[in-house]
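Here is how the chains run, residue by residue.
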Amino acid sequence: MHERTVTIAHLYPELLNLYGDSGNILVLRKRLLWRDLRCVVNEVHMGDKASLADADLVFIGGGSDREQTIVCDELRSMQSELRSYVEDGGVLLAVCGGYQLLGHSYLMGDEEVRGLSLVDLYTDRGSPRLIGNVVVQSRICAQPIVGYENHGGRTHLGSGIEPLGSVLHGYGNDGTSGAEGCLYKNVIGTYVHGPLLPKNPGVADWLLARALERRYGTAELPSLDDAEELAANRAMLDRLLP
Ligand code: GLN
């Protein structure tokens with residue numbers, strides 16, 4: 001029997017893994033296995049000669065300014081391959097430090113981390129850091145997205161770039177625009193840690209559906225019993241929204 005497989009490329013987990021971001025991989029894996037779908041996770045480490053030929057979903061987690069500085073050159077060695085992947089509808093999730101690296105640059109005063117320019121956005125640094133719980137309403141899922149943010153960066157989207165959603169609680173991209181994250185083709189960039197996916201199963205399934213659609217031409221995903229995930233999501237909404 002033909003077994004559908006989703007292959008995930010997890011970029012630089014040893015450097016880009018703030019606030020449990022790698023937990024997103026566990027969620028994606030579980031939600032595939034629960035549906036009798038196969039999941040292969042390829043970790044890409046510093047110094048690896050990575051290829052995205054088999055990738056259905058790329059994940060880039062968050063990192064401190066220091067870690068972003070260490071990883072950015074290595075990441076940019078994959079720039080043209082990543083760009084072709086994204087333009088071809090490749091699915092990519094990037095969180096916080098990883099989200100900032102999707103853009104043209106992250107300006108930290110006199111220092112600049114050059115990004116991948118996969119999405120028309122850039123980030124500069126502001127004060128104070130934007131820290132706390134966050135709630136975002138997005139068109140990609142019914143439930144508001146809940147999580148945690150902690151960033152000095154302020155991200156500014158290019159005029160044609162859609163945000164992932166609007167901030168119902170917290171700060172989002174820059175603390176003033178009301179926008180959170182970016183949505184470009186099948187790319188999600190977001191400041192939401194937590195990790196993001198355990199309490200936001202709709203986001204996980206959006207990513208998996210896009211990945212299956214691109215690989216197999218159908219996004220068919222049997223529904224799961226998400227009672228616990230949605231109760232956890234609801235508990236945060238009850239705490240944070242008026
Ligand atoms: N270092 C970046 C900032 O402070 C990203 C931090 C993060 O990934 N949480 O803005």
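Look a little higher up for the structure.
Everything quoted here is computed from the prediction, not taken from an experiment.

**Notes on the overall build of the protein chain**
Helices and strands together make up the secondary structure of the protein chain, namely 6 helices and 12 strands. Taking 242 residues into account, the globule formula puts the C-alpha radius of gyration at 18 Å, and the protein chain, at 17 Å, falls close to it. Its C-alpha atoms put the protein chain at 55 × 50 × 30 Å along the principal axes. Counting all 242 residues of the protein chain, 53% fall into the buried class. Here the contacts in the protein chain between residues at least 6 apart in sequence split such that 71% fall between residues at least 24 apart. Of the roughly 10400 Å² that the protein chain leaves accessible, carbon and sulfur atoms contribute 48%. Taking the 22 positively charged and 32 negatively charged side chains of the protein chain as two groups, their mean positions are separated by 1 Å.

**Quick look at unusual backbone geometry**
Here the amide bond leading from Ser127 into Pro128 is cis, since omega sits at 0°, within 30 degrees of zero. Following the sequence through the fold, Pro128 ends up in strand 7 (residues 121-138). Going from Gly194 to Pro195, the amide bond is cis rather than trans, its omega being 0°. Within the element layout of this structure, Pro195 appears in the loop between strand 12 (187-190) and helix 5 (201-216).

**Things to note about the site of the ligand**
Lining the immediate environment of the ligand, one finds 16 residues, of which Asp65, Gln68, Cys96, Gly153 and His193 sit closest. Gly63 is positioned such that a nitrogen or oxygen atom in its backbone is 3.1 Å from a nitrogen atom of the ligand. A distance of 2.9 Å separates an oxygen atom of the ligand from a polar atom in the side chain of Arg129. Looking at the shell around the ligand, the elements that each hand over two or more residues are helix 2 (65-76), helix 4 (97-102) and strand 8 (145-157). For the shell around the ligand, the element with the highest residue contribution is strand 8, accounting for 4 residues.

**Some details on the packing of aromatic side chains**
Counted under the stated rule, the structure contains 2 aromatic pairs. For the pair Tyr19 and Tyr148, a centre-to-centre distance of 5.1 Å together with 75° between the ring planes defines the contact as edge-to-face. With Tyr19 in the loop between strand 1 (5-11) and helix 1 (23-33) and Tyr148 in strand 8, this pair connects stretches of sequence that are 129 residues apart. Taking relative accessible area as the criterion, Tyr148 reaches 24% and is therefore assigned partly exposed. When the ring of Tyr99 is compared with that of Tyr191, the centres are 5.2 Å apart and the planes differ by 75°; the resulting orientation is edge-to-face. Here Tyr191 lies in the loop between strand 12 and helix 5 and Tyr99 lies in helix 4, a separation of 92 residues in the sequence.

**A few points about the pattern of salt bridges**
Pairs can form between side chains of opposite charge whenever their charged atoms are close. Taken as a whole and judged by the stated rule, the model has 12 salt bridges. A salt bridge links Asp56 to Arg215; the nearest nitrogen and oxygen atoms lie 2.6 Å apart. One end of the pair, Asp56, is in the loop between strand 2 (38-44) and strand 3 (57-60); the other, Arg215, is in helix 5, with 159 residues separating them in the sequence. The buried category is assigned to Asp56, whose relative accessible area is 3%. A relative accessible area of 39% means that Arg215 is categorised as partly exposed.

**Description of the sheet that holds strand 3**
Read across the sheet, 6 strands follow the order 2-1-3-4-12-11 without closing on themselves; strand pairing throughout is mixed. With one partner strand each, in any of the chains shown, strand 2 and strand 11 (182-184) form the two edges of the open sheet. Looking at each pair of strands side by side, their axes are set apart by 15° on average, direction ignored. By the bridge criterion, 4 bridges tie strand 4 (residues 91-95) to strand 12 in an arrangement that is parallel.

**Comments concerning the state of the cysteines**
Using the criterion set out here, one finds 0 disulfides in the structure. Cys182 takes part in no disulfide bond, and the closest cysteine sulfur, belonging to Cys96, lies 12 Å away.

Quick notes on the rules
- Residues numbered from 1 in each chain as written.
- Predicted model: local features only at pLDDT ≥ 70, side-chain atom pairs only at ≥ 80, totals over all residues.
- Heavy atoms only, no water.
- Helix = DSSP H or I, 4+ residues; strand = E, 2+ residues; numbered from the N terminus.
- Rg over C-alpha atoms; globule rule 2.2 N^0.38 Å.
- Buried < 20%, exposed > 50% of the residue type's maximum accessible area, 1.4 Å probe, protein only.
- Contact = heavy atoms within 4.5 Å.
- Areas by Shrake-Rupley, 256 points an atom, 1.4 Å probe, with all protein chains shown as cover.
- Lys, Arg positive; Asp, Glu negative; His and termini not counted.
- Charge placed at Lys NZ, Arg CZ, Asp CG, Glu CD.
- Near = heavy atom within 4 Å.
- Polar contact = N/O pair within 3.5 Å; in protein donor to acceptor, adjacent residues only side chain to side chain.
- Phe/Tyr/Trp six-rings, centres within 6.5 Å; stacked < 30°, edge-to-face > 60°.
- Salt bridge = Lys/Arg side-chain N within 4 Å of Asp/Glu carboxyl O.
- Pairing = 2+ DSSP bridges.
- Axes fitted to C-alpha atoms, helices over the stretch in contact; angles between N-to-C directions.
- Disulfide = S-S within 2.5 Å.

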